[in-house]
Each structure stands twice: as structure tokens, then as C-alpha cells.
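Inside the fold
In case you want the letters, here they are:
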Amino acid sequence: MASLSCSAADLMPLLGGTATNTTAVADYICSRFDTIAAKLSDTTYAIDSTYLLFSAYLVFAMQLGFAMLCAGSVRAKNTMNIMLTNVLDAAAGAISYYLFGFALAFGSPSNGFIGRHFFGLKDFPLPSFDYSYFIYQWAFAIAAAGITSGSIAERTQFVAYLIYSSFLTGFVYPVVSHWFWSSDGWASPARSNGDLLFGSGVIDFAGSGVVHMVGGIAGLWGALIEGPRIGRFDRTGRSIALRGHSASLVVLGTFLLWFGWYGFNPGSFLKILKPYGESGGYYGQWSAIGRTAVTTTLSGCTAGLTTLFSKRLLDGHWNVTDVCNGLLGGFAAITAGCAVVEPWAAIVCGFAAAWVLIGCNKLAERVKYDDPLEAAQLHGGCGAWGLLFVGLFAKEEYVREVYGGPSDRPYGLLMGGGGKLLGAQIIQIIVVCGWVTVTMGPLFYALHKLKLLRISSGDEMAGMDLTRHGGFAYVYNEDDELSFKPGLPLGKVEPTNSHHNSPPEAEATV
């Protein structure tokens, strides 16, 4: 926005009259202009801060979406456990991100690897960012932890959740976000010293790699080290579906996440009141924010529809849970490039993301990998595709608007911008996988060796709600208090002609 400025020396020749009167009038007029300019500056800060806070609230609302999605995707006997872990992600993540995480991510000035200022928000706020920025980034950090909890659901000790959630939000995630989002990060596209990776830096606008891949890869290692749930594969290695107990909660959670994604992606602009070019026009950052909402919507919807018809052809039925996961895969994929691609390209992104998710799920079954929410496949696999997508389809005009920089800045390979941006995106995939592997892998392995990771087989069969949390999440009969008596498992109500020699696992799926 162009600033208002006034100089008495400039006005005096235009006012005429005696020198004394002219100077007094000019000074008065300039003081009025200075007051107006100060008010406009205050208004700009207030509007941008309000926009960022509103976006932060939307992203935080995604925690409710995660909770509903997780609850619906697990069996009823583990509902309270998975809901509690989602609450824990937000609560423990707030403390660890306040004490360490924000400083390690955005503590400038720093080196290219890690931040080193603002521990406990000391010497805060600054002209560059305010408390609203902290809230927004905290909401992103706990989203990464929420992704991981889905991969290790139904078989993980509660203390393990507490340890990994604090470590992920307080150290692992902040370092990655520093690399790609801080002005000091070695791969940041907005690096303050202008020394950009491959002349471009990595474009991960809202976090396909920083958030989704980090959470997905962490969940991958947790699930691999724990092993599959009891009954997930039979003795011959054949896959057996352990379906979640509530498709209604899955759909509710998906819509809440969809709603929150409009804070996740468009909100990552951080400011709304910024013109592109001369002030006074209709086109500015507010237009780019609207376009970002459009690309986000189109990618998710395309992925959901592609999954719907693809699974119908592959499995022979219409599955609402698969469609919901397809939608989320499309959103996770477009998150990296939502601000720098055309709407038609978002459709391409969503179509490919659906097949990436289907392929990852087929691979998971083949290698006997068990992820109750398909979190590693969805967020890790689709997130990686999203980074590659940016390197292929980023538009030159949009890259310059969002990131500025030199006129020869690289953009998408298929858009005529060469392969440098694609190379930077591949580097991000490699380093994110490597960093999360060398940090979260040993942590989960140590918890496993200390017998702090997986619950006992007996507890797993009975359900963690009963054995670890004092009772079931649901009261099936108001006159029956079995739901609240430890040691009395609640079995299925079977038809009168059902077989009575069903395996124990069938009774444990309530």
C-alpha cells in the first residue's frame, strides 16, 4: 500500500501568502496527513492480524475434525483412547511449542539449520510477527502430531503418545519448518540473504512436506515398529479389514477438516491487505487468497470423485470412507502449490493424488503394514506427490507475485520454467524423509525396547477404553452398567441363528 507523506517545503510554494502564514498552514496540513497515515497503518496491521487469527481458528478447528475422523475410523472399544490422544496433541503441543518449538522454527536471526531466539516467547512481539503468528504456527504444529496419532491408533500406550507428541511439536517439526519457511532457512524460497537453493528455494506454500509428510513419515515409523493390530492379517498373510465403528463420524470429521483447510491454505498468505502492483486496483493478495481457496476445493473434490469411481471398479461397491480419504488426499497434495497453480492444474493434482493413495494402500497391504487411518499413505504419499506437482505446474506469474525475487526465477517444468524448481522439490522430499527417520525412528524404537510403546495383547483384545480409561465410550443399555465395570467386556448382540463359536476378535470389535 502506498504511504501517505507530506512535506511543508513542498506545500509552501503552492499556498502563497507570507512565509510565516504559509509555513503554519503547510505544517497543519501535513500534521493531518501524518495522522491519517498513522491510522491507515494501524488499520492495515489490525486487518492483517485479524485475518491471521481467523485463519488460526480455522486450522485449530481441524483438531476437532481429526478427533471425529479418528474416532469413527477405530473400533468402538478404543474410542475414548483416540479422542484423548487428540486432546493431548493440542495440550502438550502448546506447551512444547511455546517453550522450544517456535524459537527453533522462527527464532531469527539464526543459521540455516535451526532458530535460536524467542524461547518461551522472550523478546516478543516484533514488527515482523505478532502473537497471532505464534497461534497460527502452533495450530500447524499440532496438526502434524495429529496425523501421526492416526497411524499408531488402537495399540499404543498413552505415555508413548505424550512423549512422541511433545518431541515432534517441540523439536522435529520446528526444525523442518525452519528450513523451508523461515527467512533464514537453507531451502526457504524467501531467504533474506537471497542465496536460494537452485535459484528458487523450495515452494511448499502451506505444508505438503513440512506438515503432512512430517506427520505421515513419523506415523510410518511408529506403525512399522509396533507392528499390525491383532487380527489385521491372518496366518496366511491375507488382509482382514478391521473397519471403524462409525461412518457418520468419519464424514463429520472430513467436513470439519475440509472447512479448516480454508484457513490452512489461504491463511498461509499471513496477510490479506497487500496490492500487487499499483494501489487502487481490484487485483491484489486478496485475489490470490480467493484463487487458493478455489484450487484447494477443486483438488479435494477431484480426488474424492476419482476415488469413488476407482474403488467402485476395483472393489465393486461405493464406499463413503474411501471417498473421504480421497478428499483428504487431494487436499494434502494441493497444499504445497495451492497459491502458485491455475485451477485447472488443481484438478490434475487431485486426480493423480487419488491414484497415489490407492497405490500406497495396495502397497501397504502387500507388505503387511497396518495404519488404521491410512495416515502415512494419505499424508506421506499424497504430500510427496504435492511437492512434485509444484515443480511441474507452478505458474511463473503466481510465483513472482507470492515470492518476488529475480525476473528469471524458476517455475514449473511443464509450464516452461525448467527443472530447477522440480529439483528443489525432490531435495525437500529426501531431506524430510531422512530427518524424520533419524529422529522419530530411534524414538519409537527406544520406546519399544523400554516396553513403553505397545499395549499387551490382552488389553488390545479387550479394548483400551475398558482397560486403560475406565469404561467404554458408549452406554449400550441405560439399565445396564456393564459399560462402566472394569473386567466385564461387552460383546456383540448376535442374531439368534448365529454361530456361537466365533473367534475372540469378533467379540472384541464392539
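Before reading on, note that the structure itself is shown above.
Here the structure is a predicted model, which is why all the values come from computation and not from measurement.

Our next topic: the overall build of the chain. Broken down by element type, the chain carries 16 helices and zero strands. Put simply, the chain has 510 residues, and 53% of those count as buried. Residue pairs at least 24 apart in sequence account for 71% of intrachain contacts in the chain once pairs closer than 6 positions are excluded. A total accessible area of about 21900 Å² is found for the chain, and carbon and sulfur atoms account for 65% of it.

As a further point, take the side chain of D322. Counting through the fold element by element, D322 comes out in helix α9 (residues 320-334). Taking relative accessible area as the criterion, D322 reaches 15% and is therefore assigned buried. Excluding residues within four positions of it along the chain, D322 makes contact with T307 and K311.

To continue, consider the packing of helix α4 (residues 131-151) against helix α5 (residues 158-181). The contact between α4 and α5 brings their axes to 9 Å, and the two run at 125°. Judged by the angle between their axes, α4 and α5 are oblique. Crossing handedness for the pair α4 and α5: right-handed. Contact residues: α4 offers Q137, F140, A141, I142, A144, A145, T148 and S149, while α5 offers Y161, Y164, S165, L168, T169, Y173 and W181.

A word on unusual backbone geometry. A cis amide bond links S108 with the next residue in sequence, P109, at an omega value of 0°. Locating P109 in the fold gives a position in the loop between α3 (79-106) and α4. Cis geometry is found at the peptide bond from F124 to P125, where omega equals 5°. As for its position among the elements, P125 is in the loop between α3 and α4. Despite not being glycine, E154 shows a phi value in the positive range, around 75°.

Let us look at the nonpolar core. Among the nonpolar cores identified, the biggest contains 120 residues, and F102, V211 and V340 are the most heavily contacted of them. Broken down by element, the residue count for this core peaks at 12 residues, all from α4.

All told, the structure shown has 37 aromatic pairs when counted by the stated rule. Aromatic side chains F118 and F129 sit 5.8 Å apart centroid to centroid with 85° between the ring planes, which places their arrangement in the edge-to-face category. Of this pair, F118 sits in the loop between α3 and α4 while F129 sits in the loop between α3 and α4, and the two are 11 residues apart along the sequence. Relative accessible area serves as the criterion here: at 7%, F118 is assigned to the buried category. Plain terms: the ring middles of W261 and F331 are 5.2 Å apart, the flat faces sit at 35° to each other, and that makes the pair tilted. One end of the pair, W261, is in helix α7 (residues 247-264); the other, F331, is in helix α9, with 70 residues separating them in the sequence. Relative accessible area serves as the criterion here: at 2%, W261 is assigned to the buried category.

Between its terminal C-alpha atoms α7 stretches 25 Å, which fits the 26 Å expected from 18 residues at 1.5 Å a residue. L249, V250, G253, T254, L257, W258, G260, W261, G263 and F264 are the residues of α7 that are buried.

What follows concerns the pattern of salt bridges. All chains considered together, the criterion is met by 13 salt bridges. When the shortest N-O distance is used, the salt bridge between D370 and R229 registers 2.8 Å. Of this pair, D370 sits in the loop between α10 (343-366) and α11 (375-393) while R229 sits in the loop between α6 (208-226) and α7; the two residues are 141 residues apart in sequence, bridging distant segments of the chain. Considered together, D370 and R229 belong to a single accessibility category, that of buried residues. A salt bridge links R238 to D234; the shortest N-O distance between them is 3.1 Å. Accessibility expressed as a relative area gives 52% for R238, which makes it exposed. Residue classification places D234 among the partly exposed positions, given a relative accessible area of 23%.

Analysis parameters
Residues numbered from 1 in each chain as written. Predicted model: local features only at pLDDT ≥ 70, side-chain atom pairs only at ≥ 80, totals over all residues. Heavy atoms only, no water. Helix = DSSP H or I, 4+ residues; strand = E, 2+ residues; numbered from the N terminus. Buried < 20%, exposed > 50% of the residue type's maximum accessible area, 1.4 Å probe, protein only. Contact = heavy atoms within 4.5 Å. Areas by Shrake-Rupley, 256 points an atom, 1.4 Å probe, with all protein chains shown as cover. Axes fitted to C-alpha atoms, helices over the stretch in contact; angles between N-to-C directions. Parallel < 35°, antiparallel > 145°, perpendicular 65-115°, else oblique. Left-handed = near helix turned anticlockwise from the far one by under 90°. Core = buried A, V, L, I, M, F, W, Y, C linked by side-chain atoms within 4.5 Å. Phe/Tyr/Trp six-rings, centres within 6.5 Å; stacked < 30°, edge-to-face > 60°. Expected span 1.5 Å × (residues − 1). Salt bridge = Lys/Arg side-chain N within 4 Å of Asp/Glu carboxyl O.

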